[in-house]
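# What the coordinates show
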Amino acid sequence: MSAGVSPMPVPVTRTRRFPARLRWSLWVLLIALVAALLVTLVWLAGRYEASQVQSKLDRDTADALSDIRSALNRNVQVLQALHTGNPRAESWRDKGLVLLRERREWVRLEWRTAELGTVIAADSPYHAAAFSRLGRENTQTEVALACASARRVSGPAYSSSYFLPGVDGMGVEVMDLCLPQVSAGRIAGYVVATYALGEILTTVVGPLISRSQEVSFTEADGTRLAMYGIARRASRVFTSQQLLDLPGNTMVLRMDSWRAAPDVFPNVLTALVTAMSIALVMVLVLLGRDARRRLRAEEDLADALAFRKAMEDSLVTGLRARDLRARITYVNPAFCEMVGFSAEELLGQDTPAPYWPPELADEYLQRHEIRLAGQHAPPREGYESVFMRKDGSRFPVLIIEAPLINHDGVQTGWMSAFLDISEQRRVEEMSRASQERLQATARLATVGEMASLLSHELNQPLAAISSYATGSMNLLQSQESDNPAMRDIELAMRRIAEQAERAGKVIKSVHDFVRRRDKEREPVRPEALLEAIMPLVSLQARKFGVRVETRCKQGLPAVLCDRTMVEQVLLNLARNAMQAMDQAGVAHPTLVIEVRSVGGHQNAQGKEWLQFSVADVGQGIAPEVQAKLFTPFFTTKAEGMGLGLSLCRTVVEQHGGYLGFEPNQPQGTIFRFTLPVNPP
Ligand code: ADP
């Protein structure tokens, strides 16, 4: 018995669980939720990353736009500087050429009059043949419009862009900048600079953008005008657009960023989220497995508990646990059955326990205190004690006690096992009794041998006595004499011969009885039986001073019996009765021998019975004597053999009858026995 087990009776009820279907759907729901959460997380992380990329692109575009603006403004200043000090046409052109070499975005510089006539022009060495196909005169409209708006605003103005086809089939998108030259409040002329849009992007934005970016000027409707950068095409593109509104012209600066998407793990954040999600799923799986294992363990535990309970319930050994304060903490059904108290009546009970016999309670308490003090360990083989049932009856028990030790090795109480040993005691008692009977039988056998020997040995002298008596009688008869003494002697001789013959018969009967030889039964009238024993009974009655009364109705049927043995039974009972009255010192001792018919009461074989009774008014038979009365060799008399009653019963039972006794009124004992009537 494990010490850690709760000593209270464990009700084996399975813990309430969800039904399997519900449990499964809960799991499915949980997994679906986690999956949805993970997908959302990854998607959000992707979106976050995309927005990061987008905002960076927006920043880049804004930066590029402001770079372009400031570059254009710087260029305006450079152009204004070109006219300082009223330069001559030739020197203007030289300076212009120098500027054109420095700035690749310019295709051409022109000095125009207030009426837009060309004073002088300088072409960029990089775009020498820009106007060769179209011819400058075909683009006068754009210049005129730009200069008109420049005049209106009294500052630089741009034309809308237009395409200059090249000789190589390519071409370049350009726009014109018209810068009015004001002298004494009047417009003296214009400087017209033609910008190649593509070169603006190349020179101003180009060095700043990355390889995955592409920058372009487009019109409001999306038509691409010029572009820079050949981005590696990938499936994911981010676009940012900003308006470049110049006086006279408005364009859109558009920046595209290409990304190698769709990335499952676009960045660290997404990767982190994904890794965490995987970890979460794994934890979930482990948790699920753990839950399953727990469930199984719980089931196993419940099974084990049920098994233990069944085992305890089926035990015939009583079990009881007590704590260190001697209170009962557990009892099994066998124990309850043994003592007759219910578990509720016993649990929590202190000393003295309800099943302690009150007369032994002090002793048990002492034993218990010794046990608690830890002075004496209980014997391993157990010890015997006496308990009391609820109905007050006592019974012997064998107690085996052991300390209850818990997980930490600390004693928490005592566990005891009980065996009801009353049955064992009964069997021991029976075996002792049968042992005694066996010994008695052995002694009887010896007595039988002795009796057999004696009868053999006595036959000779008895025969001699008989023949001497007969001889003496013959002698006396042959001598004719009137001497009355002679007649008395003759009578005495006849009596001697009779008694010797009777002694011979008794001896023969005993011999036959001992040898268990089947005796011939003869029909004998009950009066004849009484008459036969009367002389001897009277002899003893005279000695004890007892009055003998015989009651025998006329006409009773004859009984079928071994005459000598039945006479012996009657003699024995009569002698015992007289001895009992003598011992009791009764004032008027009377012995009543009665025969009556118990006719009408036929036995199984259809036999009718006669009942013989021998009644005395002696001291009666004490209860402790009654139990052993028929036991061979039991006697209360100093000179007794203790064989009389045992022999009587054997004889009566051999005849199929019954020998019993009952108290006589007002005192004494009546012995009765029955004999079968001779069937007609
Ligand atoms: P014994 O006569 O040799 O003692 P029995 O077997 O005849 O042996 O008797 C056994 C015992 O039974 C006697 O010792 C006596 O105590 C008791 N007993 C027998 N008959 C009577 C009786 N009529 N009244 C009282 N006690 C009797």
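Quick notes on the rules
- Residues numbered from 1 in each chain as written.
- Predicted model: local features only at pLDDT ≥ 70, side-chain atom pairs only at ≥ 80, totals over all residues.
- Heavy atoms only, no water.
- Core = buried A, V, L, I, M, F, W, Y, C linked by side-chain atoms within 4.5 Å.
- Buried < 20%, exposed > 50% of the residue type's maximum accessible area, 1.4 Å probe, protein only.
- Helix = DSSP H or I, 4+ residues; strand = E, 2+ residues; numbered from the N terminus.
- Contact = heavy atoms within 4.5 Å.
- Near = heavy atom within 4 Å.
- Polar contact = N/O pair within 3.5 Å; in protein donor to acceptor, adjacent residues only side chain to side chain.
- Areas by Shrake-Rupley, 256 points an atom, 1.4 Å probe, with all protein chains shown as cover.
- Nonpolar A, V, L, I, M, F, W, Y, C, P; charged D, E, K, R; others polar.
- Pairing = 2+ DSSP bridges.
- Axes fitted to C-alpha atoms, helices over the stretch in contact; angles between N-to-C directions.
- 1 Å grid on protein atoms, 1.4 Å probe; cavity = no way out; pocket = protein on both sides within 12 Å on 5 of 7 lines; lining within 4 Å.
- Points joined across faces, edges and corners; volume = space filled by probe spheres on them.
- Expected span 1.5 Å × (residues − 1).
- Bend = angle between axes of the 7 residues up to and from the residue.

So, about the nonpolar core. Within the largest apolar cluster, 42 residues are counted, with the highest numbers of intra-cluster contacts made by I68, L79, L109, I200, V205 and F217. Sorting elements by how many residues they give to this core places helix α1 (residues 20–82) first, with 11 residues. Leaving out residues up to four positions away in the same chain, V205 has contacts with A64, I68, I200, V215 and M255. Listed in part, the 40 residues of the second largest apolar core include V559, V569, V652 and L659.

A word on the site of the ligand. N576, D616, T635, T636 and K637 are the nearest of the 18 residues found near the ligand. With respect to the ligand, the side chain of T635 contributes an N or O atom lying 2.5 Å from an oxygen atom. Between an oxygen atom of the ligand and a side-chain N or O atom of K637, the distance comes to 2.9 Å. Burial of the ligand by the surrounding chains reaches 95%, relative to a free accessible area of 530 Å². Looking at the shell around the ligand residue by residue, the classes come out as 8 nonpolar, 8 polar and 2 charged.

Moving on to the environment of K309. Structurally, K309 can be placed in helix α5 (residues 268–314). Note on K309: relative accessible area 29%, which makes it partly exposed. Through-space distance from the C-alpha of K309 to that of K505 is 75 Å; in sequence the pair is 196 residues apart.

Strand order in the open sheet formed by 5 strands is β12-β11-β15-β14-β13, and the pairing between neighbours is antiparallel. With partners counted over all chains shown, the strands left at the sheet margins are β12 (328–331) and β13 (383–388), one partner each. Adjacent strand axes in the sheet meet at a mean angle of 35 degrees, parallel and antiparallel pairs treated alike. In this structure, strand β11 (residues 318–323) lies alongside β12, joined through 3 bridges in antiparallel fashion. Along β12, the bridge assignment pairs A321 with Y330.

Counting across every chain of the model gives 2 cavities of 30 Å³ or more. Here the largest cavity is characterised by a volume of approximately 100 Å³. In terms of lining, the largest cavity is formed by R320, R322, W356, Y364, R367, H368, R371, Y383, F387, I399 and E401. Breaking the lining of the largest cavity down by element, the ones donating at least two residues are β11, α8 (361–373), β13 and β14 (394–405). Taken together, the residues of the lining of the largest cavity sort by class into 5 nonpolar, 1 polar and 5 charged.

For helix α9 (residues 422–478), built from 57 residues, the straight-helix expectation of 84 Å at 1.5 Å per residue is met to within 8% by its first-to-last C-alpha distance of 79 Å. The sharpest bend along α9 comes to roughly 30 degrees, located at N459, with the proline P461 sitting one to four residues further on. If you check which residues of α9 are buried, you get A440, G448, A451, S452, S455, L462, A469, M473 and L476.

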